Amino acid sequence: MAAAAQLVNPNADVVKKGAAAMMNINAARGLQDVLSSNLGPKGTLKMLVSGAGDIKLTKDGHTLLYEMQIQNPTANMIARVATAQDDITGDGTTSSVLIVGELMKQAERHLSDGVHPRLLCDGIELAKAEALQVLDATREKKDCMDRDLLMKIASASLRTKMHAELADLFTDIAVDAVRCIRREGEPIDLHMVEIMHMQHRSGMESRLVQGLVMDHGGRHPGMPKKLTNCRILCMNVDLEYQKSEVASGFFYNSAGQRQSMVDAERKWVDDRTQLILDLKHKACKPGETMVILNQKGIDPLALDMLAREGILALRRAKQRNMTRICLACGGESINSLDMLSDVNILGFAERVEEQTLDEETYTFIEGVKNPFSCTVLVKGAHKHVLEQIKDAVRDGLRAVSNAMTDGFLVAGAGAFEIIAHAALLEYKSKVTGRAKLGVQAYADALLVIPKTLAANAGYDAQDSIIKLQEAHAAKKACGFDIHSGEPMDPAVVGVWDNYRVKHQMLDSAAVIASQLLLVDEVIRAGKQMKKG
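Please read all numbers here as calculations on a predicted model, not as lab measurements. (Residues numbered from 1 in each chain as written. Predicted model: local features only at pLDDT ≥ 70, side-chain atom pairs only at ≥ 80, totals over all residues. Heavy atoms only, no water.)

Caption draft 1: Representation of the overall build of the protein in the model. Counting its secondary structure elements, the protein contains 18 helices and 19 strands. Taking 532 residues into account, the globule formula puts the C-alpha radius of gyration at 24 Å, and the protein, at 30 Å, lies well above it. Taken over 532 residues, the protein has a buried fraction of 49%. Here the protein has roughly 25600 Å² of accessible surface; of this, 51% comes from carbon and sulfur atoms. Charged side chains of the protein number 64 positive and 68 negative; the gap between the two group centres comes to 2 Å. (Helix = DSSP H or I, 4+ residues; strand = E, 2+ residues; numbered from the N terminus. Rg over C-alpha atoms; globule rule 2.2 N^0.38 Å. Buried < 20%, exposed > 50% of the residue type's maximum accessible area, 1.4 Å probe, protein only. Areas by Shrake-Rupley, 256 points an atom, 1.4 Å probe, with all protein chains shown as cover. Lys, Arg positive; Asp, Glu negative; His and termini not counted. Charge placed at Lys NZ, Arg CZ, Asp CG, Glu CD.)

Caption draft 2: Region of interest: the layout of surface pockets. Approximately 960 Å³ is the volume attributed to the largest pocket. Counting only elements with at least two residues in the lining of the largest pocket, the list comes to helix 5 (93-112), helix 7 (147-158), helix 15 (448-456), strand 18 (496-498) and helix 18 (499-517). Sorting elements by how many residues they give to the lining of the largest pocket places helix 7 first, with five residues. (1 Å grid on protein atoms, 1.4 Å probe; cavity = no way out; pocket = protein on both sides within 12 Å on 5 of 7 lines; lining within 4 Å. Points joined across faces, edges and corners; volume = space filled by probe spheres on them.)

Caption draft 3: Structural view of the nonpolar core. Within the largest apolar cluster, 68 residues are counted, with the highest numbers of intra-cluster contacts made by L31, L65, I78, M104, Y442 and L506. With nine residues, the single largest contributor to this core is helix 18. Those residues in contact with L31 that lie beyond four places of it in its chain are L65, M68, I70, A75, I78, A79 and V97. Counting residues in hydrophobic clusters, the runner-up holds 46 residues, among them L233, A328, L346 and A349. (Core = buried A, V, L, I, M, F, W, Y, C linked by side-chain atoms within 4.5 Å. Contact = heavy atoms within 4.5 Å.)

Caption draft 4: Structural view of the packing of helix 5 against helix 18. Remark: helix 5 packs on helix 18, axes separated minimally by 9 Å, with the N-to-C direction vectors making an angle of 40 degrees. By the angle between their axes, helix 5 is oblique relative to helix 18. In this structure, the crossing between helix 5 and helix 18 has a hand that is right-handed. In this structure, helix 5 uses S95, S96, I99, V100, L103, M104, A107 and L111 to contact helix 18, whose residues at the interface are M505, S508, A509, A510, I512, A513, L516 and L517. Residue composition of the contact of helix 5 with helix 18, grouped by class: 13 nonpolar, three polar and no charged. (Axes fitted to C-alpha atoms, helices over the stretch in contact; angles between N-to-C directions. Parallel < 35°, antiparallel > 145°, perpendicular 65-115°, else oblique. Left-handed = near helix turned anticlockwise from the far one by under 90°. Nonpolar A, V, L, I, M, F, W, Y, C, P; charged D, E, K, R; others polar.)

Caption draft 5: Spotlight on the packing of aromatic side chains. Evaluated as defined, the whole model comprises two aromatic pairs. Aromatic pair F408 and Y499: ring centres 6.2 Å apart, planes at 55 degrees, arrangement tilted. With F408 in strand 15 (residues 408-411) and Y499 in helix 18, this pair connects stretches of sequence that are 91 residues apart. Judged on exposure class, the residue F408 and its partner Y499 are both buried. (Phe/Tyr/Trp six-rings, centres within 6.5 Å; stacked < 30°, edge-to-face > 60°.)

Caption draft 6: Broad picture of the sheet that holds strand 15. Strand order across the open sheet formed by three strands is 4-15-18, with antiparallel pairing between neighbours. Both outer strands of the open sheet, strand 4 (140-141) and strand 18, are each paired with one neighbouring strand and no more. Of the strands in this sheet, strand 15 and strand 18 are in contact with helix 7, which crosses strand 18 at around 80 degrees. (Pairing = 2+ DSSP bridges.)

Here it is, written out as structure tokens:
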């Protein structure tokens, strides 16, 4: 008999009950197989090649799922949920996909035995609620302002995304960057950490600049390239003659009238520039100089006046940089020249230096007092390296920021999954009916994390899981040591996961798997969507 959808729309493509479930399960498993080899510090890299031939090397789950062209609708849906996990918490994309794939694989056994998907989903929901309770019970309250602890958290995140030597360098950078921008009693705003890249030399020369690096420089050849003891003036004021906003014209009947009009225009800009020079004479002591950062334009003659006074002026600075400069150097950004009478609007930096690399000019503002904004300067010999490092640094910053915000940590190295699996098996005995099967499926799905860690490190997955379960049964620590293949204590080694990443992962994996299991028909019968 024709499907109901085909009676309504004869052109509809319909995938019926059993086939729809199998299609969803295969898509989830396919995505799991793609990403499983990337998990953990020993994971391998993927090379993404675009249609234009651009190459990207990465093992970051978010980057892979975001960049890959996924045709299958189910796989695309899982990828979107996993990338949302990264957007919300900054990590856990690969783990999320693996748990969804494994949960669908476990459910397949029960569906083939004739268990109704709704019963499985009820069990999965119960298991999810219990797993989140186990997470709350096993999380550890830590002093997340302690630098050594934050180093371990950042290292656990970064070592899964780049080689160990580079990861150790960026661990220092990520921790110091987040500690720099943190303000007591306010949420951490990671936008105050600028990630600036220079395609130059090697990644190991990357560093944290306690101040700001901007990707443009002075616009006058006579301006100094290196300054010390600088007063910083941030402004959003025109230092070039403004055209009127309405259509207007000026009429003159002699060359003298035209010249007086040109002189008046010039005098208007010169008077404004002179106000800045007066402020410099008033505010700068002997040995001090001034740097101007203007969001609007500065015309060539005004630049010439400033250059003669030894002032470095940058025009058309970005809005986000203006906010960061005020946080880094102190002072405030002015929108009117009336405020130039107050010396307190000026910030201070010990060093301002211009560096030119090929055709690019960079301005370094360093030696600032009490900065609440900073710049991670990423160097690398090649575009691929720079992209890989920038993706990893963002995740490292989020990991440190999450730990500071939560104040709680969860044991890493697969230890939590082993503990949760044992707790769920105990919980299963309290659940009545066939919902037990859903609890069992969810418990077994969690083991995919330690299994994959073991497999990627070159050990037998089953052997490793049995060792970890035996260690947990003997009330010993049950994290997986990727170097020896034996159980270890994550707290001693310092392998910690973010609480909010685990919470989001357990929740989203159960929700997406339940939704996919409840799909009984896949119908391609929607109206043509407009592209774009």
